[in-house]
Amino acid sequence: GFPELSKSQKSEITSSKRISNPGCYPTGFIALLRPLVDAGIVPVDAPLTVNAISGYSGGGNALIGIYEDEEVENEPWGAYGYSMNHKHLPEMSKYTGLNTKPIFQPAVATFAQGMVVSVPIHYSLLKDDTTGKDVHVA
């Protein structure tokens with residue numbers, strides 16, 4: 001259930017018997033990219049990178065235990081998922097309409113909740129004559 005995904009998504013959700021939600025990282029990525037792909041601003045074969053950092057609570061009880069243990073000193077943040085085979089990559093491609101999986105660089109930080117997702121897109125990848133207004137409208 002991500003009704004903001006497209007104009008038809010809300011009615012598809014309403015008529016569905018089973019509904020799932022994308023994970024937290026995919027939600028951020030999909031929300032940023034899907035409108036740009038749908039508008040033709042970003043091509044479906046764009047080679048993209050996703051830089052994302054989330055709070056530790058998203059890692060479940062084990063990670064919460066590590067970060068909330070006052071006797072353990074933690075780094076301010078730590079990257080993971082170096083295998084480029086993160087469990088969320090398939091849905092990140094599928095629901096943006098991209099033909100290529102992005103390079104995904106997830107990280108976790110010492111804050112409990114929240115997330116920042118950044119997708120740098122080089123100007124050369126955008127449809128010719130794309131303006132800031134075009135991106136905003138999408």
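1. Digging into the packing of aromatic side chains
Aromatic ring pairs are described here by two measures, namely the spacing of the ring centres and the angle between the planes.
Here is step 1: Taken as a whole and judged by the stated rule, the model has two aromatic pairs.
Here is step 2: Between Tyr25 and Phe104, the aromatic rings sit 5.1 Å apart at their centres with planes inclined by 75°, giving edge-to-face as the arrangement. Of the two residues, Tyr25 sits in helix α2 (residues 24-38) while Phe104 sits in strand β3 (residues 103-109), which places them 79 residues apart along the sequence. Per residue, the accessibility class of Tyr25 equals that of Phe104, and both read buried.
Here is step 3: A ring pair is formed by Tyr56 and Tyr67, whose centres lie 5.1 Å apart and whose planes are at 5°; its orientation type is stacked. In this pair, Tyr56 is assigned in the loop between β1 (49-55) and α3 (60-68) and Tyr67 in helix α3, connecting sequence segments eleven residues apart.

2. Re the sheet that holds β3
Here is step 1: Overall, mixed pairing links the four strands, which are arranged β2-β3-β1-β4 in an open sheet. Since the sheet does not close on itself, it has two edges, and those belong to β2 (77-79) and β4 (115-118), each with one partner. Each adjacent strand pair in this sheet contributes to an overall mean axis angle of 15°, direction not counted.
Here is step 2: Sitting on the sheet, α2 touches β1, β3 and β4, and the angle it makes with β4 is about 45°.

What counts and how
Residues numbered from 1 in each chain as written. Predicted model: local features only at pLDDT ≥ 70, side-chain atom pairs only at ≥ 80, totals over all residues. Heavy atoms only, no water. Phe/Tyr/Trp six-rings, centres within 6.5 Å; stacked < 30°, edge-to-face > 60°. Helix = DSSP H or I, 4+ residues; strand = E, 2+ residues; numbered from the N terminus. Buried < 20%, exposed > 50% of the residue type's maximum accessible area, 1.4 Å probe, protein only. Pairing = 2+ DSSP bridges. Axes fitted to C-alpha atoms, helices over the stretch in contact; angles between N-to-C directions. Contact = heavy atoms within 4.5 Å.

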